[in-house]
Amino acid sequence: MNYDIEADNLVSGVLNTTFAIQSDGQDAMMTVDGTQITRTTNDFNDVIDGMTFNLTSETPMGEELQVKVEPDTQLAKQGIINFIESYNAVKLFASQQTEVGDDGSPTEDAILAGDSTLRLILSRVNNELSQQVQGIVGDDFSRLSDLGITFSDFPGDDDTPFTRNILTLDEEKLDSSL
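Residues numbered from 1 in each chain as written. Predicted model: local features only at pLDDT ≥ 70, side-chain atom pairs only at ≥ 80, totals over all residues. Heavy atoms only, no water.

> Teacher, can you tell me more about the overall build of the protein here?
Along its length, the protein carries three helices and eight strands. Starting at the N terminus, the α and β elements of the protein follow one another as β-β-β-β-β-β-α-α-β-β-α. Residue burial in the protein is summarised as follows: out of 178 residues, 18% are buried. Taking as baseline every contact in the protein between residues at least 6 positions apart, the subset at least 24 positions apart corresponds to 32%. Surface summary for the protein: the accessible area is close to 13900 Å², and the carbon and sulfur share equals 49%. (Helix = DSSP H or I, 4+ residues; strand = E, 2+ residues; numbered from the N terminus. Buried < 20%, exposed > 50% of the residue type's maximum accessible area, 1.4 Å probe, protein only. Contact = heavy atoms within 4.5 Å. Areas by Shrake-Rupley, 256 points an atom, 1.4 Å probe, with all protein chains shown as cover.)

What follows is the structure in structure tokens.
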């Protein structure tokens, strides 16, 4: 046992003290699927991969609690947006590096204009992105377009030439899909 000493009312050199008995702390315990788990803190972050349980109060012995796990749709959405932005950055870079002028010859900055490897890689990536995912049955999402992700052409601007097959996102469709 631990003892806390509390001092108050220091009067003329006389110290009034009170003693309180404090009990030792106990380890936190929980049972998951019949397996009892004990920790020295109330945070259990290694029971189920990717989840943390923060125990905030005691539950009577034998009482079961239901835990509802929901996907983090904002995290998924942000990951999809990041992918689209990265993919489009690669496509726009490739367009700049392979740009052909009005006369049909590569522009001065088009240092990869004759690179067949770049064309092959981009072609294969585009092919994969436009494929239907095999093994998904029913009305589930098997194409990017089912999630609101489609191909379109970038018309070009002062810095970037016309670019075919960049990805565009219909956020409302994605939100309703997630």
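> Whenever I open this one, the pattern of salt bridges confuses me. Can you help?
A pair can form between side chains of opposite charge whenever their charged atoms are brought close. This structure, assessed with the given rule, holds five salt bridges. Two residues, Asp175 and Lys77, come together in a salt bridge whose shortest N-O distance is 3.1 Å. A residue pair is termed long-range when its members are at least 10 positions apart, and Asp175 in helix H3 (residues 171–177) and Lys77 in helix H1 (residues 73–97) qualify at 98 residues. One connected set of salt bridges, linked through shared partners, spans Lys77, Glu171 and Asp175. (Salt bridge = Lys/Arg side-chain N within 4 Å of Asp/Glu carboxyl O.)

> I would appreciate a short explanation of the environment of Asp27 in the present structure.
Tracing the backbone through its elements, the reader meets Asp27 in the loop between strand E2 (14–22) and strand E3 (28–32). Judged by relative accessible area, which is 45%, Asp27 ranks as partly exposed. For the pair Asp27 and Arg39, spaced twelve residues apart in sequence, the C-alpha separation works out to 5.6 Å. Not counting residues up to four positions away in its chain, the partners in contact with Asp27 are Thr38, Arg39 and Thr40.

> So what exactly am I meant to see when it comes to the nonpolar core here?
Generally speaking, nonpolar side chains in soluble globular proteins are found buried as a group. Grouped together as the largest cluster of nonpolar side chains are eight residues: Ile80, Ile84, Tyr87, Leu129, Leu147, Ile149, Leu167 and Leu174. The leading source of residues in this core is H1, at three residues. (Core = buried A, V, L, I, M, F, W, Y, C linked by side-chain atoms within 4.5 Å.)

> Before we go on, may I ask you to explain the packing of aromatic side chains in this structure?
In this description, an aromatic ring pair is defined by two values, namely the gap between the centres and the angle between the planes. Applying the stated criterion to the full structure yields one aromatic pair. With a centroid separation of 6.3 Å and 25° between ring planes, the pair formed by Phe83 and Tyr87 is classed as stacked. Linking Phe83 with Tyr87, this pair stays in helix H1, spanning four residues, or about one helical turn. Residue Tyr87 is classed as buried on the basis of its relative accessible area of 7%. (Phe/Tyr/Trp six-rings, centres within 6.5 Å; stacked < 30°, edge-to-face > 60°.)

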